[in-house]
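Here is what each chain is made of, one letter per residue.
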Number of protein chains: 2
Amino acid sequence: MYRSHTNGELRLVNVDQEITLSGWVQRVRDKGFMIWVDLRDRNGITQLIFDEERSSKTLMEQAKTLGREFVIQIKGNVIERTSKNPNIPTGEIEILVSELIILNKSITPPFTIEDETDGGDELRMKYRYLDIRRNPVRENLIFRSKVTMAVRNYLSKEGFIDVETPYLIKSTPEGARDFVVPSRMNEGQFYALPQSPQTFKQLLMVGGMDKYFQIVKCFRDEDLRADRQPEFTQIDCEMAFVEQEDILNAFEGLTRHLLKEIKGVEIGKFPRMTYDEAMKTYGNDKPDIRFDMKFGELNDLAQNKGFGVFDSQELVVGIAVPGCANYSRKQTDKLIEFVKKPQVGAKGLIWAKYNEDGTFKSSVDKFFSQQDLAAWAERLNAKKGDLMLIMAGESDKTRTQLSVLRMEMAETLGLRKPNEFAPLWVIDFPLLEWDEETGRYHAMHHPFTSPKPEDISLLDSDPGKVRANAYDMVLNGNEIGGGSIRIFDKKMQSRMFDLLGFTKEDAQNQFGFLMNAFEYGAPPHGGIAFGLDRLVAIMGGQETIRDFIAFPKNNSGRDVMIDAPSNIDKVQLEELNLKLDLKDLK
Amino acid sequence: MYRSHTNGELRLVNVDQEITLSGWVQRVRDKGFMIWVDLRDRNGITQLIFDEERSSKTLMEQAKTLGREFVIQIKGNVIERTSKNPNIPTGEIEILVSELIILNKSITPPFTIEDETDGGDELRMKYRYLDIRRNPVRENLIFRSKVTMAVRNYLSKEGFIDVETPYLIKSTPEGARDFVVPSRMNEGQFYALPQSPQTFKQLLMVGGMDKYFQIVKCFRDEDLRADRQPEFTQIDCEMAFVEQEDILNAFEGLTRHLLKEIKGVEIGKFPRMTYDEAMKTYGNDKPDIRFDMKFGELNDLAQNKGFGVFDSQELVVGIAVPGCANYSRKQTDKLIEFVKKPQVGAKGLIWAKYNEDGTFKSSVDKFFSQQDLAAWAERLNAKKGDLMLIMAGESDKTRTQLSVLRMEMAETLGLRKPNEFAPLWVIDFPLLEWDEETGRYHAMHHPFTSPKPEDISLLDSDPGKVRANAYDMVLNGNEIGGGSIRIFDKKMQSRMFDLLGFTKEDAQNQFGFLMNAFEYGAPPHGGIAFGLDRLVAIMGGQETIRDFIAFPKNNSGRDVMIDAPSNIDKVQLEELNLKLDLKDLK
């Protein structure tokens, strides 16, 4: 037995007990006649003491050989500390060591195993097993485990059945790129790894499972943007005999439960906002509503006053940034620079200060009177001391740009408080979006999403106007979940594939099994999928999902620790009936 | 809202309530003036009634259009049945329907949706979504969900952290064949799908996670034997600072808990048996100990009595089959035929009956006296009325053959009772096994398994004799879990790779990350993995894992429902820098 206790549990009541501990050497303080060692494990730190007067000479000498991250086992006696440490739970006691076994030595780690480490990102990833020893990383992983258990217990209690769907499925060229898996037994054929278990969970509904959930890995072979992973985890859910309202209530319930159970935060009914409203008010379909700065449209107030920049544009729109009327010229110039950056792409920015004394000062005083600016202030809900920021241009583009500026200002002002939680539903998404590149409609959610019954008549005449029974759950400016009521009628599903430019043959070939299933009594159904990595990160008060994944990949999709992907054997390739066709070598 | 209640919950107390139900039409009984419909969902069946006297003409006509598996919604009034059905929980009431909506029609299903269906295996797999509507299949999936929740809750309570390990990892040619995944972003390189998260869970121990578990999909590209799946699910566990005894206790605890919680069966301390003992006593490292028929070796009693078949062989070994002394010549001949089948491969079988009157009758009476046979009976622990079956030949082979016969007899006699549970540990497995084909040692468990400290001296002199700290949990004749104490020392790990015929370069290339990790203070650790599919099947009283998997693959690794694997686009192949190299087309 390597230990009688962990390093987090000994207290004053244990004094005089003979105990056995194991763990890592966090720190050695060697005063010559006395040596203290901080012994660490997942549960905490316990102080060991070796003392010239009370320990044997051999033991003292042995203790002096200890280095950082050595793994040791000790036997000893729990004693009361003379100078107690109130900062750790075991701070009232220490262990007078009587026996020391070095279980494993350690060479010097490439970075310090401390809450704040000196290791850069790349080094930490290469030695992720050492990084995980650090409290913040380990705590994140434990936090994730706690969240998933809470999800499972809640959904189980609500009658959801955890069903595993297959990982080796069929490739469908629609949507994002699949990772494929060559089949050795079926020559020349490939499986695909699921981008989501979408069709399987729908088939489970056809199969009468009624309520399904699964916490499941999904895969997308995309060019990785920052903070995307080729493999990611979904909380995948589906319910039969439901309307949108049932789903919203069920999963609002889940999220409310999680925030309460894990974060101790009580949230009432979630606000709901249509997609159109979100775009108009926040320029964004995943608005962060922890803070205000709602968009105000100024066309009627700001156009035709002789300021050509505004007059010629489709939309003039602004926000009131709280308490920034005192911004210096340098500061406002910096904001103008910010919006002109290629990532934002605006042509410029107009500012107007609502001074504490009730007067206004703007970058366009030449064109607008104090009264004009007062009208702007009213529209933007600006208060004395606020800074109004106004942009103009083509509507969609300008809203997006102002949204970026809004988030930037919130960041700057510390309004994105990590321990404040503001969830909302965004509903009534468009069914389709026009893709300029391919010159056809794409499904905004996915091809299985049901149009709103009242909009079905528009499917032929004006497909872009059709709204879907689709919804996103947004938390603190991030989409943490999205779903829809599904089509459950073969004809409608077939019509949808037509609209999306599938030939009848392709549709049958790729999704024939689903359309066939709809002929055998498919119930109305719908569902949602949460991005677990992001949900956990946001609940943990952070936004980087990598910090909540045990072994993440880098932006080239590589695991730098195990060095994957890698070359494979010629024999393996031959067995799979494949040849490399390397362009770089030609 | 599609329903106010499920089809499993209405009782007499609900009489007179106006309710809404949805579900599938299980059965229609049309008496002309009265129509009964059994409405089904996951939760049960509720009887609907349409009655000429109480229902409108339109409603009666509408009800007459209903067919099997139609999906309907009804509103109606709960009334007390005149003739109650005590066999179903809702049998005291029925619903007098006032409104009927057909949500979706159904064409005639290809097989009946009943507990006993007329559908063959292949048809059921093609229409798995209909198969899942059948009670036994659905109940199996719900049972699986219940078992996994119980596993998770137990392990969480015991301090295990659920950590997700990656699915896109590195291919290692050792062991079974990997499924590989071409990387588009890393030209010419491949990921592999994990055969198990073995190295990652060990790295989590190096990382101080202390106790890890995960219920995780694993992948093996093997030629599929009956009841093997290319993707399967493991309960994967690892603990740090443990010896074998700690692991056995921890996971005996889990299994005991499951049997109690799920099956209501109380099991005491699990018996333990060494590998050698299991092979000697049952000819098998996963003995079914629900019944006896232990092997008895008869060399000293049966050789040198003039029977050449015995005299020339290495081992003479037998079992006593309870109550079969009355077998006819035809029956014993059938047993002889059975052991001669190529799958068993024996040359023959000797039988000896221990008659109820205390006399013996055998197929070798010419060579053996009544006294001789009485001595056999004593050795085999045979009682009056038992049939002794004896085989002879090369030791290992003969034991295996007798083991097959033992299981066959148990099956015939109904001794493999599905609701009796007899777990045991098999311990002290050999570290290595000699592979005739490749002419070298293979790791019996895997290359990370620790040799027993007391056997390390044999590593050079007699590697085949070295025992490992490896253990299997066996339940009812099936290995449901296996694991080992791991090597945590770089030198020992390196030596193991040498023994297994790795070059230094290959070892470094494939497992360098693990050996490096061992240099930074790796703790002693060990673990176990349970095959969830099999565990659930056996706990469910069955042995076919396919019945407990929602969407299984067939013996060619195909999903016949979605028709995967399949051909992929040329563009996809090009993006992956691959070309097909089809042998069949050459």
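Source: prediction; values computed, not measured.

Points about the domain arrangement of chain A
(1) Moving on: What the domain assignment reports for chain A is domain 1 (12-104), domain 2 (138-273 + 423-556) and domain 3 (291-412).
(2) Moving on: Once you take the C-alpha centre of each, domain 1 of chain A and domain 3 of chain A turn out to be 62 Å apart.

Considering the nonpolar core
(1) Moving on: By size, the foremost hydrophobic cluster in this structure holds 63 residues, and its most contacted members are Tyr129 and Phe551 of chain A together with Leu203, Leu204 and Met209 of chain B.
(2) Moving on: At six residues, the largest contribution of residues to this core is made by helix 15 (residues 504-517) of chain B.
(3) Moving on: Among all residues touching tyrosine 129 of chain A, those that are not within four sequence positions of it are Met561 of chain A together with Leu203, Val206, Gly207, Phe513, Asn516, Ala517 and Tyr520 of chain B.
(4) Moving on: Counting residues in hydrophobic clusters, the runner-up holds 62 residues, among them Ile169, Phe200, Tyr441 and Ala517 of chain A.

Brief notes about helix 11 (residues 370-379) of chain A
All names here are of chain A.
(1) Moving on: Taken together, the buried positions of helix 11 are occupied by Asp372, Leu373, Trp376 and Ala377. Buried residues of helix 11, seen end-on, are gathered within an arc of 140° and therefore sit on one face of the element. Exposed and facing more than 90 degrees away from the buried side of helix 11 are Gln371 and Glu378.
(2) Moving on: On its buried side, helix 11 packs onto helix 8 (299-302), helix 9 (308-311), strand 14 (350-354), strand 15 (360-362) and strand 16 (387-393).

Some remarks on the pairing of strand 17 (residues 423-427) of chain B
All names here are of chain B.
(1) Moving on: With five of five residues buried, strand 17 lies mostly within the body of the structure.
(2) Moving on: Because side chains alternate across strand 17, one face comprises the buried residues Pro423, Trp425 and Ile427, and the other comprises Leu424 and Val426, equally buried.
(3) Moving on: Two strands pair when backbone bridges link them, and strand 17 and strand 20 (residues 470-475) are joined in this way by five bridges, in the antiparallel orientation. Looking at the pairing, valine 426 lines up with aspartate 472 of strand 20.

Thoughts on the packing of aromatic side chains
(1) Moving on: Evaluated as defined, the whole model comprises 51 aromatic pairs over all chains.
(2) Moving on: Relative to phenylalanine 219 of chain B, the ring of tyrosine 167 of chain B lies with its centre 6.0 Å away and its plane at 75°, an arrangement referred to as edge-to-face. Of this pair, tyrosine 167 of chain B sits in the loop between strand 6 (161-162) and strand 7 (180-182) while phenylalanine 219 of chain B sits in strand 9 (residues 211-219), and the two are 52 residues apart along the sequence.
(3) Moving on: We classify phenylalanine 219 of chain B as buried; its relative accessible area is 0%.
(4) Moving on: Put simply, the rings of Phe307, Phe310, Phe367, Phe368 and Trp376 of chain A touch in pairs and so form one group of aromatic residues.
(5) Moving on: Here lysine 126 of chain A stacks its cationic end above the ring of tyrosine 127 of chain A, 5.8 Å away from the centre of that ring.
(6) Moving on: The ring of tryptophan 351 of chain B has lysine 353 of chain B sitting right over it, with the charged end atom 5.0 Å from the ring centre.

Structural notes on the interface of chain B and chain A
(1) Moving on: Facing 129 residues of chain B, the contacting portion of chain A comprises 129 residues.
(2) Moving on: Both sides together, the interface formed by chain B and chain A hides about 11400 Å², and carbon and sulfur atoms give 58% of it.
(3) Moving on: Its largest share of buried area at the contact with chain A, chain B owes to Glu164, Phe241 and Tyr520 of chain B, together 7% of the area lost on that side.
(4) Moving on: At the surface where chain B touches chain A, the tally comes to ten salt bridges.
(5) Moving on: Note that arginine 184 of chain A and aspartate 221 of chain B form a salt bridge whose closest N and O atoms lie 3.0 Å from each other.

The rules behind these values
Residues numbered from 1 in each chain as written. Chains lettered and ligands numbered in written order. Predicted model: local features only at pLDDT ≥ 70, side-chain atom pairs only at ≥ 80, totals over all residues. Heavy atoms only, no water. Domains from an automatic or database assignment. Core = buried A, V, L, I, M, F, W, Y, C linked by side-chain atoms within 4.5 Å. Buried < 20%, exposed > 50% of the residue type's maximum accessible area, 1.4 Å probe, protein only. Helix = DSSP H or I, 4+ residues; strand = E, 2+ residues; numbered from the N terminus. Contact = heavy atoms within 4.5 Å. Arc of directions from axis to C-beta. Pairing = 2+ DSSP bridges. Phe/Tyr/Trp six-rings, centres within 6.5 Å; stacked < 30°, edge-to-face > 60°. Lys NZ or Arg CZ within 6 Å of the ring centre and 35° of its normal. Buried area = accessible area lost by both parts, 1.4 Å probe. Salt bridge = Lys/Arg side-chain N within 4 Å of Asp/Glu carboxyl O.

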